[in-house]
Amino acid sequence: MGQPISRRSVLAAGAGAAAGLALPGAAARAGGHPATRVRFTLNAETLDGGEQVTSLTLGTGRLGRVDPASLTTATFSVHARATSPIPIAPGDQIFSEYDLDRPVTAARLDRHGDIVLELAYAEGQVGGGTLGYIASRGRNVQLDLDYTITQNAPVVVRGHRPVTFTDFVQGRLSNPEVDAFSYHTSRSGMKYRLYSPHRHAAGRRGHPLVVWLHGGGEGASLPDNYYDNETTLRANRGALGFATEEAQRIFSGAYVVAPQSTSYWLEDGDRFAPLIREIVGDLARRHRIDRDRIYVAGCSNGGYMSLKMTIEYPRLFASSVPVCGVIESLQPGGPRVITDDELRGIRTPTWLVTSRDDDTVPPEANTVHAHDLIPGSLMTLYDHVVWNGHQFPGHWSWIYVARNDPSVDGTHIWQWMAQQRR
């Protein structure tokens, strides 16, 4: 579903980077060392409000031990420029491209002897994010980043030798949580990312499978069909939450799959449902997956689609978690996208989540209405979306599910999901 502009106003761009560092000619000759180039990495984390670049790692370890006393927050300066990977039409808006200095909050050595520059970042902070939101398309895109490092003072390497690095060149973006999901394309052409539970032994009947269905901003960007298989894991922690150590312990090691639609789930749910079903079936055949423990969850557009999947395939899923899902038409006076009879007919155990201040998908006409009709369903209704002291837009209630916060009678939502069997 297309989000209001405020929904992505805090998200910006991200891409990979690697920098060369070279000893100046005179210094290199004086020290008897040839000019050297090394790479640097952009280190990113997916926060609740979206992915941000949080530090840079300069591959200086092979030059010799740097004296940590020679590193301060003023030793290096960092500038970042973020731009759209696709053309922006005249009069259109993208949130947020940026061209600014990134404050260095710490300079240290990691266990490899490489220099790490910690950067200022925070929820809601513009500059440093890895996504941009194109208003007219209602889509996030992974923006191109151009990071520039300037050295302001020498560092001391080996026998008290001062070294100034030059000629920095960009390299890759690294996010261990995102990188843990492999890339795939189904036989029907739908892209998806897959987390495999390598650290957990399969149960007698195999591993469970969690299907995460993204929101409207993470599908393909129309009309240019920008289709990246990236934004589903970088825009929020929806899929990533189920791959954390905590979730993996609760589910005893689960596969997590995040398909990416070629437009909006809402736009053509009847066509998308069998494509998602195809992915689930392929994974169940290729991996040791317990067919009695397949779970579906999704947010906004994906909340609609998680309900749609339980309607179309009533015996496929052990449980369903629609988060701020769409039931009522987004067009004034339009027909419901899921009918009352369909809601009454759902037999999959269902736990709905939303927030009272959601002004994108009003809770009463959507989540609350669905809860009233789905037999035996549970519902968690928050007043606001607040996490770690930061208040997010009311539509972002998926943050709570990604953090296993909703609970009923002391049982949290992940534990409840894991207890369900088809």
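Quick look at the overall build of the chain
- For the chain, the count of helices and strands is 11 helices and 25 strands.
- Its C-alpha radius of gyration of 24 Å places the chain within 12% of the 22 Å reference for a compact globule of 422 residues.
- By its C-alpha atoms, the chain is 80 × 55 × 40 Å across when sized along the principal axes.
- For the chain, with 422 residues in total, the buried portion stands at 59%.

Section: the pairing of strand 10 (residues 144-151)
- The alternating pattern of strand 10 places L145, Y147, I149 and Q151 on a buried face and D144, D146, T148 and T150 on a face that is not buried.
- Summarising the sheet, strand 3 (residues 76-83) and strand 10 pair through 8 bridges and their orientation is antiparallel. The partner of H79 across the bridge, within strand 10, is T148.

Let's talk about the packing of helix 6 (residues 269-286) against helix 7 (residues 301-312)
- One way to put it is that helix 6 packs onto helix 7 with a least axis distance of 10 Å and a crossing angle of 75 degrees. As far as their axial angle goes, helix 7 and helix 6 are roughly perpendicular. Residues G269, D270, F272, A273, I276 and R277 of helix 6 touch helix 7, and the partners they reach there are Y304, M305, K308, M309 and E312.

As for the pairing of strand 2 (residues 50-58)
- Burial analysis of strand 2 places 9 of its 9 residues in the buried class, which makes it a mostly covered element.
- Sheet topology places strand 1 (residues 40-47) next to strand 2; 8 bridges connect them, and they run antiparallel. Its bridge partner lying in strand 2, F40 is registered against L58.
- Following strand 1, the chain reverses through 2 residues before pairing antiparallel with strand 2.
- Looking at chain direction, strand 2 and strand 7 (residues 115-119) are connected through 4 bridges and run antiparallel. In the strand pairing of strand 7, T57 is matched with V116.

Concerning helix 6
- Between its first and last C-alpha atoms helix 6 spans 26 Å; for 18 residues at 1.5 Å apiece the expected length is 26 Å, and the two agree.
- Buried within helix 6 we find G269, F272, A273, L275, I276, E278, I279, V280, G281, D282, L283 and A284.

Looking at the sheet that holds strand 8 (residues 131-134)
- Reading across the sheet, the 3 strands line up as 4-8-9 and stay open at both edges, with antiparallel pairing between neighbours. Two strands lie at the open edges of the sheet, namely strand 4 (94-95) and strand 9 (139-142), each paired on one side alone.
- Strand direction decides the pairing type here: strand 4 and strand 8, joined by 2 bridges, are antiparallel. Directly across from F95, in strand 8, lies its bridge partner Y133.

Some thoughts on the environment of H214
- For H214, the position within the fold is in the loop between strand 16 (207-213) and helix 3 (231-234).
- For the pair H214 and Y133, spaced 81 residues apart in the sequence, the C-alpha separation amounts to 15 Å.
- In contact with H214, other than residues within four places in its own chain, are G219, T232, P259, Q260, S261, W265, C299, N301 and G302.
- For H214, the side chain forms a polar contact with the main-chain nitrogen of S261, separated by 3.0 Å.

Section: the sheet that holds strand 3
- A sheet is described by the order of its strands in space; here 3 strands give the open sequence 5-3-10, paired in antiparallel fashion. The sheet terminates laterally at strand 5 (98-102) and strand 10, the two strands that pair on one side only. When strand polarity is set aside, the average angle formed by the axes of neighbouring strands in this sheet is 15 degrees.
- Of the pairings in the sheet, the one linking strand 3 to strand 5 comprises 5 bridges and is antiparallel in character. Counted as the bridge partner of V78 is R102 from strand 5.

Describing the pattern of salt bridges
- In the structure shown here, the tally under the stated rule is 22 salt bridges.
- One salt bridge in this structure joins D292 and R422, with 3.0 Å as the shortest N-O distance. Note that D292 is positioned in strand 18 (residues 289-299) and R422 in the segment after helix 11 (413-419), a separation of 130 residues in sequence.
- For D292, a relative accessible area of 15% translates into the label buried.
- Across the pair D340 and R336 runs a salt bridge, and its minimum N-O distance is 3.8 Å.

Focus on the packing of aromatic side chains
- With the rule as written, the count across this model stands at 10 aromatic pairs.
- Residues F181 and Y195 carry aromatic rings whose centres are separated by 5.6 Å and whose planes lie at 45 degrees to one another, so their mutual orientation is tilted. One end of the pair, F181, is in strand 14 (residues 181-185); the other, Y195, is in strand 15 (residues 191-195), and 14 residues separate them in sequence. Each of the two residues, F181 as well as Y195, counts as buried.
- Linked through ring pairs, F242, F251, Y295 and W414 together constitute an aromatic cluster.
- Directly above the ring of Y264 sits R139, whose terminal nitrogen or CZ lies 3.6 Å from the centroid.

Some details on the confidence of the model for the chain
- Residues of the chain with pLDDT of at least 70 account for 91%, and the chain-wide mean is 90.
- The low-confidence segment residues 1-35 (pLDDT under 50) makes 143 contacts with residues lying over four places distant or belonging to another chain.

Details of the environment of D409
- Within the fold, D409 resides in the loop between strand 24 (407-408) and strand 25 (411-412).
- Overall, D409 belongs to the exposed group, its relative accessible area being 81%.
- For the pair D409 and L330, spaced 79 residues apart in sequence, the C-alpha to C-alpha distance is 34 Å.

Some thoughts on helix 7
- Given a rise of 1.5 Å per residue, 12 residues ought to cover 16 Å, and the 16 Å separating the end C-alpha atoms of helix 7 matches this to within 8%.
- Of all 12 residues in helix 7, 10 are buried; the element is thus mostly enclosed.
- Taken together, the buried positions of helix 7 are occupied by N301, G302, G303, Y304, M305, S306, L307, K308, M309 and T310.
- Where helix 7 is buried, its residues meet strand 16, helix 6, strand 18 and strand 19 (319-323).

Conventions we followed
Every chain's residues receive numbers from 1 upward, in the order its sequence appears when written. Thresholds applied to this predicted model are a pLDDT of at least 70 for local features of residues and 80 or more for the giving and counting of side-chain atom pairs; totals over whole chains, interfaces and linings are not thresholded and use all residues. Note that water and hydrogens are dropped before the side-chain values are worked out from all heavy atoms of the structure. The way it works is that DSSP assigns letters per residue, a run of H or I at least four long becomes a helix, a run of E at least two long becomes a strand, and they are numbered from the N terminus. Within these notes, the globule rule equals 2.2 Å times the number of residues to the 0.38 power, and the radius of gyration is based on C-alpha atoms. Note on exposure labels: buried denotes an accessible area under 20% of the residue type's maximum, exposed denotes more than 50%, and partly exposed covers the range between, all computed with a 1.4 Å probe on protein chains only. Strand pairing is assigned whenever DSSP identifies at least 2 bridges connecting the two strands. Between N-to-C directions, angles span 0 to 180 degrees; the directions come from axes that are lines fitted to C-alpha atoms, helices contributing only their stretch in contact. We call two directions roughly parallel when the angle between them is under 35 degrees, roughly antiparallel when it is over 145, roughly perpendicular when it lies between 65 and 115, and oblique otherwise. Any two residues whose heavy atoms approach within 4.5 Å at even a single point are treated as in contact. What a helix should span is 1.5 Å times the count of its residues minus one. Any pair of nitrogen or oxygen atoms within 3.5 Å is treated as a polar contact; in protein, a donor-acceptor pairing is required on top of that, and neighbouring residues in sequence qualify only through side-chain atoms on both sides. The working definition used for a salt bridge is a side-chain nitrogen of Lys or Arg within 4 Å of a carboxyl oxygen of Asp or Glu. Aromatic rings from Phe, Tyr and Trp, taking only the six-membered ring of Trp, are treated as a pair when their centres fall within 6.5 Å; an angle between ring planes under 30 degrees marks them as stacked, one over 60 as edge-to-face, and anything in between as tilted. Lysine NZ or arginine CZ positioned within 6 Å of the ring centre and within 35 degrees of the ring normal marks a charge as sitting over the ring. Note: pLDDT gives the predictor's confidence per residue, expressed from 0 to 100.

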